[in-house]
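Each chain, written out:
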Amino acid sequence: PVTLKPILQIFKRYSQHPMALGLSDLCMYDADGEMAEDLNFPFCLTLHPRVRTKINLGRDLPDEEVDASETLDSYLDDIQQIPKGTTLYDVYANPDPLSVASVSKLQRIGRIVSTSTMKESPHDDGLFFRHQKKDEDFALRPEWKEDLSTKVVLKDGSRGTAATLAGWELFEHQIAEGGFIDFEHYASKK
């Protein structure tokens with residue numbers, strides 16, 4: 001992290017929260033393409049991989065056993081073998097900053113499923129992703145900014161703030177632990 005400090009300082013010229021992405025734009029329009037009247041968006045999303053590839057298996061290996069040059073190539077090879085209809089990710093949401101400390105408030109809200117086989121696209125295909133600033137979410141939910149500094153204690157006794165504890169390692173642990181709200185389960189009972 002020390003090596004990132006100069007880069008973060010540059011990013012802080014554009015956003016007060018350079019390591020976080022905004023999500024409110026995801027909810028800006030309804031399924032019919034109409035502007036949504038009431039934006040309902042989560043504080044954070046976690047994409048939990050369901051397909052085992054060498055790249056996400058490598059996360060569990062010591063650094064000296066992971067060859068970064070082979071990892072991306074093998075990942076690209078792996079994903080091109082994924083058949084249509086494969087669940088790629090489970091999508092989890094934390095509704096607000098204070099919910100990050102409690103697995104019982106983590107919500108599985110859906111899945112990302114392949115609708116075709118994977119195809120490699122050219123590097124100049126024109127596909128562009130715009131990253132939304134987290135500051136835009138805080139403008140819509142100003143109370144979240146204060147909630148970030150609230151001290152929380154995790155089930156294992158770890159202490160910190162919602163801002164310092166939120167991250168992929170915490171969410172992966174909570175998913176493995178279970179006890180989250182599963183909206184797909186509730187929807188199938190209707």
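If you're wondering where the values come from, they're calculated on a predicted model, not measured in any experiment. (Residues numbered from 1 in each chain as written. Predicted model: local features only at pLDDT ≥ 70, side-chain atom pairs only at ≥ 80, totals over all residues. Heavy atoms only, no water.)

Quick word on the nonpolar core
In terms of nonpolar packing, the biggest core is built from 15 residues, with Phe-43 and Val-100 touching the most fellow members. Secondary-structure elements contributing two or more residues to this core are α6 (162–165) and α7 (168–177). In this structure, Phe-43 is in contact with Leu-23, Asn-94, Pro-95, Asp-96, Pro-97, Val-100, Lys-134, Phe-138, Trp-144 and Leu-148, ignoring residues within four places of it in sequence. (Core = buried A, V, L, I, M, F, W, Y, C linked by side-chain atoms within 4.5 Å. Buried < 20%, exposed > 50% of the residue type's maximum accessible area, 1.4 Å probe, protein only. Helix = DSSP H or I, 4+ residues; strand = E, 2+ residues; numbered from the N terminus. Contact = heavy atoms within 4.5 Å.)

Description of the confidence of the model for the protein chain
Across the protein chain, the average pLDDT comes to 84, with 88% of residues at 70 or higher. Element-level pLDDT for the protein chain is lowest in helix α2 (residues 54–57), with a mean of 53, against a maximum mean of 95 in helix α4 (residues 134–140). (pLDDT = per-residue confidence, 0-100.)

Considering the pattern of salt bridges
Counted under the stated rule, the structure contains eight salt bridges. As a salt-bridge pair, Asp-182 and Arg-108 come within 3.0 Å of each other at their nearest N and O atoms. Here the residue Asp-182 occupies a position in strand β6 (residues 181–182), and Arg-108 occupies one in strand β3 (residues 107–113), the gap between them amounting to 74 residues. Take Asp-182 and Arg-108: they sit in the same class, and that class is buried. Across the pair Glu-136 and Arg-130 runs a salt bridge, and its minimum N-O distance is 3.3 Å. Among the residues examined, Arg-130 registers a relative accessible area of 52% and is labelled exposed. Overlapping salt bridges bring together Arg-50, Asp-90, Arg-108, Arg-111 and Asp-182 as one network. (Salt bridge = Lys/Arg side-chain N within 4 Å of Asp/Glu carboxyl O.)

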